[in-house]
Every structure is written in structure tokens, then in C-alpha cells.
Amino acid sequence: MSGTQNGHIAFDDLEREIIAPGYCTFCGACEAICPVHAIKVENNKVVQAYDCSEHLDSCPICYEICPHTGALLSQALQFVADAPLWGENIGYYRKILLARSTDEATRHAGKGGGVIASLLTSAIKDKLIDSAVVSQSGAERPLDGKPSIINVPDDLLSAVDARFIPSPVAQAFGQAVYEHGKSRIAFVGVPCHVMSLRKLEAFQHKIVDSLKVTIGLSCLWAFSMQGLLRFICYEYGIESQDITEVDLEEDNQVITTVYGENRIPFSELKSHIMNRCRTCGHFTSHVADLSVGGATPLKDWSVVIVRTKAGEEFLDAAVASGAISVKDIHAEPKALEHLEKIARHKRKDASREIAALRKSGRPVPAGVDFLFTRDRKDPA
Ligand code: SF4
Ligand code: SF4
Ligand code: SF4
């Protein structure tokens, strides 16, 4: 139920539908927008620091903007729905390109040809943005997904990407606005992070006046960290403080430590995927201005799905400044085929999981139905 009625405190619904059944992915959006600072998201937990009803008679917002509730989904889709093209597995788009950094060092320092680093670096240099909010793994503990607010291009070049790890980037967006006074921010996150920002836009929250562009990263899943760390320590003797990188290679999760690589069959780790990720049909970020993901089988390129005019202008500016080179996706049809295949499989897996949960009578968050129908253009 949406918490929009007078005299209604939405946190009760959020707690019951999302937090208690384990569907929260710790994006931190609810903390960022709570008007009385009653919510804290830290160490993969959401807690209500005190009872907000002591200060307010009614408040709908944390429920409305949580990416996993059913509220505001159709409205969020409006931000991309004027795009002329649509694909069942990739959503609305204007065009799809292959892109990579023109700087060799940046290409080799990051994944996917260094596209995100070069896009953001170029935009900061050209003063299109004054900062970028991204997810980075901590330098000392790579499995601690820490969001970062980046102000200068050099910070970006040292950025380490943090995939498979929950990270409260929406919370960091709030800090960028309220604590650092940033007003032209590029936000980079996985699809559920971007959805929380789009819902904030749909809610017309003043915080998104500072949002310049959203860049969505492709996402297969995130791990529930405590369980994963216990398992790999017990079964493989891997201590979290020794881990330097987590990656995926065919059917193995590759966990690299200071002592070397460990190839762990993904089937062994599957049970540690977060609940919500099992039911998530987003592979590419369907409501971002730009969606960026790997271009398998090409190593040094990314696939960029341009969904909005704002995304197109942002990308064009980086190309015009010489930071990014692009080519038409049809020059490398295998890259598009691979992307669509992964996206299709993710939707199917999610669909199966949702059906199984419903059949067994277990709770399913209302947000899961987004993406399983095409025509959600009209606000509910
Ligand atoms: S005051 Fe904060 S915790 Fe309470 S309903 Fe509003 S956003 Fe949620
Ligand atoms: S807004 Fe984000 S942190 Fe808050 S309950 Fe929803 S998923 Fe969790
Ligand atoms: S799989 Fe979906 S719910 Fe999980 S982190 Fe990725 S985008 Fe979020």
C-alpha cells in the first residue's frame, strides 16, 4: 500500500513490504530524503533511528521513492518513454553505440574501455557537471561498497568499480547536495539506484534540481555480504581483508586476494545473492539517461544505450571533446546479441522466481512487476 493518505506514516509500509522481508538493497535513498532524518542506512541495515510520527502527522516519501515499491514506477518510466525505439529486454532507447575512452591509460585502468571514467572526467573538465556520485570499492576493503562524491578528474582515474556489492549511492547523492553544496551532479549506479533517483524526480523532490544526468550500470546481482563472507572464509579460507577484486568469468565468480585468484563455481554462491536481486528483471538500467555495460566479446569497449536527449547531449559532448570514441553497435552484432541474451535470461530467471514466490504465498515487492509489461506510459 502506498503511504499517501493523510495521517499515514509511510515508513511502516516500507518496513513491512521491503525491509522486513529482505528486499532492501541498501541504496540509501530513504535516508537521503527523510525530512526529519529518522532513517539510517549503514552496514547493510536500514534502521529507523527514532519514531518519525513524533514529528510529523503524515509522510509518504520514503515508501514512494524506494525503488522496490510499486509507487511512482509508471511516472519514472515517463523520463525515457519518448524515445523512438523499444526492445523487450532493453526498454526504450534512441540509439545503441559501442564506446571507449580515447586515452589508453584510462582504457586499461578500468573495465569496459574506461567509458565511465572518461565520460565523467570530460564533463567535469568542461564544467557540464560539478561532481559525480559513483560506487567504488574501498581501497583497503574492496568488499565494502563505498559511494564516493568525486569533484576532480584525477579522483576518477583512481576509481575502482564495485560490482556485486550493495552500496548506498543514493545516500551519497543526498550528501553531495546537502553537505557539499553540489548542484550539477552526474549519478552513476546500478538499475535500482537509478530507479530511486527517477522516483525522486517523479515525486518532484527539490533534491533532484541538482541532478544533471543518470548513468546506469548493467547489473546481474549483488551479494548479501555477511553470508558470502562467512561462506568463502569457511569453505575457501578467504579472509575479507585479503580480497582485492571480485569479478565474473563464465560460470565462476573470480575472487582475487593478495595471495592469488580463486575461481568459485557460481552455483556455490547463488544462495548468497540478495533477495531482491533474484526477482529483479533489470539488467540494463531501463530508466537511466545512459545505460552502460560490457560489450562481450569485445574487451576494451562498452555498450552504451542512449535513452534520453539529456543522455545523448552528455555523450555527444564527450565525443566532441575527444574523450570518447564511438561506433555503431551494428558494426559488432555479437556484442548486441550478447547483451540481449543476458538481459533476456535475467528477466526469465526473475519471472520464474517471482512465480515461485507467489505460488508459495511468500511476499513479493510490488516493484517486481515493472518491466514485465510494455505499456506503462500513462501514470497510474
Ligand atoms: S518522516 Fe522519514 S521515516 Fe518517517 S515516513 Fe517520512 S521519510 Fe519515512
Ligand atoms: S530506499 Fe533504498 S535503502 Fe531505503 S528501503 Fe528502499 S532499497 Fe532500502
Ligand atoms: S540485481 Fe537489480 S535489485 Fe539487485 S542490485 Fe542489481 S539492479 Fe539492484
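Described in the following lines is the structure provided in the data block. Being a predicted model, the structure only gives us computed values, none of them experimental.

## Describing the site of ligand 3
Then step 1. If you check the shell around ligand 3, you find Thr25, Pro191, Cys192, Cys219, Leu220, Trp221, Ala222, Arg276, Cys277, Cys280 and Lys346 and nothing else.
Then step 2. Sorting the residues of the shell around ligand 3 by element identifies helix H9 (191-203) and helix H12 (275-278) as the ones contributing at least two each.
Then step 3. Per-class residue counts for the shell around ligand 3 are 8 nonpolar, 1 polar and 2 charged.

## Looking at the sheet that holds strand S12 (residues 260-265)
Then step 1. Taken in spatial order, the 3 strands of this open sheet run S10-S11-S12, and their pairing is antiparallel. Here the strands that pair on one side only, and so sit at the sheet edges, are strand S10 (243-249) and S12. Across this sheet, the average inter-strand angle for adjacent strands is 20 degrees, counted without regard to direction.
Then step 2. Along the sheet, helix H10 (residues 225-236) contacts S10, strand S11 (252-257) and S12; its crossing angle with S12, the most-contacted strand, is approximately 105 degrees.

## Quick look at the pairing of strand S2 (residues 45-48)
Then step 1. Of the pairings in the sheet, the one linking strand S1 (residues 39-42) to S2 comprises 4 bridges and is antiparallel in character. Each bridged residue has a counterpart across the sheet, and for valine 41 the counterpart in S2 is valine 46.
Then step 2. Hairpin connection from S1 to S2: 2 residues lie between these consecutive antiparallel strands, with asparagine 43 at a positive phi of about 50 degrees.

## Here we look at the packing of helix H6 (residues 115-125) against helix H13 (residues 309-320)
Then step 1. Running from N to C, H6 and H13 point in directions that differ by 85 degrees, and their axes come no closer than 9 Å. As summarised for this structure, H6 and H13 are arranged roughly perpendicular, according to the angle between their axes. Where H6 approaches H13, its residues Leu119, Leu120, Ser122 and Ala123 are matched on the opposing element by Phe314, Leu315, Ala317 and Ala318.
Then step 2. Residue classes in the contact of H6 with H13 are distributed as 7 nonpolar, 1 polar and no charged.

## Structural notes on unusual backbone geometry
Most of the time, phi is negative for any residue but glycine, and the peptide bond is trans.
Then step 1. At the junction of threonine 296 and proline 297, the peptide bond is cis and its omega measures out at 10 degrees in the coordinates.
Then step 2. Within the secondary structure, proline 297 is located in the loop between strand S13 (290-294) and strand S14 (302-306).
Then step 3. Non-glycine residue asparagine 43 carries a positive phi angle of around 50 degrees.
Then step 4. Tracing the backbone shows asparagine 43 in the loop between S1 and S2.
Then step 5. Despite not being glycine, glutamine 204 has its phi angle at roughly 60 degrees, a positive value.

## Concerning the environment of isoleucine 124
Then step 1. Relative to the helices and strands, isoleucine 124 resides in helix H6.
Then step 2. When the C-alpha atoms of isoleucine 124 and isoleucine 185 are compared, they prove to be 9.6 Å apart, with 61 residues separating the residues in sequence.

## So, the pattern of salt bridges
Then step 1. Under the counting rule described, the total for this entry stands at 12 salt bridges.
Then step 2. One salt bridge connects glutamate 88 with arginine 347, and the closest N-O pair in it is separated by 3.7 Å. Here glutamate 88 is found in the loop between strand S3 (85-87) and strand S4 (91-93), whereas its partner arginine 347 is found in helix H14 (residues 333-359), with 259 residues between them in sequence.
Then step 3. On the accessibility criterion, glutamate 88 (51% relative accessible area) is exposed.
Then step 4. Using a relative accessible area of 10% as the deciding quantity, one classes arginine 347 as buried.
Then step 5. For the salt bridge of lysine 309 with glutamate 312, the shortest nitrogen-to-oxygen distance reads 3.8 Å. One end of the pair, lysine 309, and the other, glutamate 312, are both in helix H13, 3 residues apart, so they sit about a helical turn from each other.
Then step 6. Each of Arg94, Lys95, Lys309 and Glu312 takes part in a single network of salt bridges with overlapping partners.

Quick notes on the rules
- By convention here, each chain's residues receive numbers from 1 onward along its written sequence.
- Labels are handed out in written order, letters beginning with A for the chains and numbers beginning with 1 for the ligands.
- Restriction of local features to residues with pLDDT of at least 70 applies here, the model being predicted, together with a cutoff of 80 or more for giving and counting side-chain atom pairs; totals for whole chains, interfaces and linings are based on all residues.
- Only hydrogens and water are set aside when side-chain values are computed; all heavy atoms of the structure are taken into account.
- When at least one non-hydrogen atom of a residue lies within 4 Å of a molecule or strand, that residue is treated as near it.
- Only runs of H or I of at least four residues qualify as helices and only runs of E of at least two qualify as strands under DSSP, and these elements are numbered from the N terminus.
- Asp, Glu, Lys and Arg are counted as charged, while Ala, Val, Leu, Ile, Met, Phe, Trp, Tyr, Cys and Pro are counted as nonpolar; the rest, among them Gly, fall into the polar class.
- Here a strand pair is declared whenever DSSP counts at least two bridges between the two strands.
- Lines fitted to C-alpha atoms define the axes, with helix axes restricted to the stretch in contact, and inter-axis angles between N-to-C directions lie between 0 and 180 degrees.
- A contact between two residues is defined here by any heavy atoms of the two lying within 4.5 Å.
- When describing relative orientation, an angle under 35 degrees is termed roughly parallel and one over 145 degrees roughly antiparallel, while 65 to 115 degrees is termed roughly perpendicular and anything else oblique.
- Basic side-chain nitrogens of Lys or Arg form a salt bridge, by our definition, when they fall within 4 Å of a carboxyl oxygen of Asp or Glu.
- Here's how the labels work: a residue is buried when its accessible area is under 20% of the maximum for its type, exposed when over 50%, partly exposed in between, all with a 1.4 Å probe on protein chains only.

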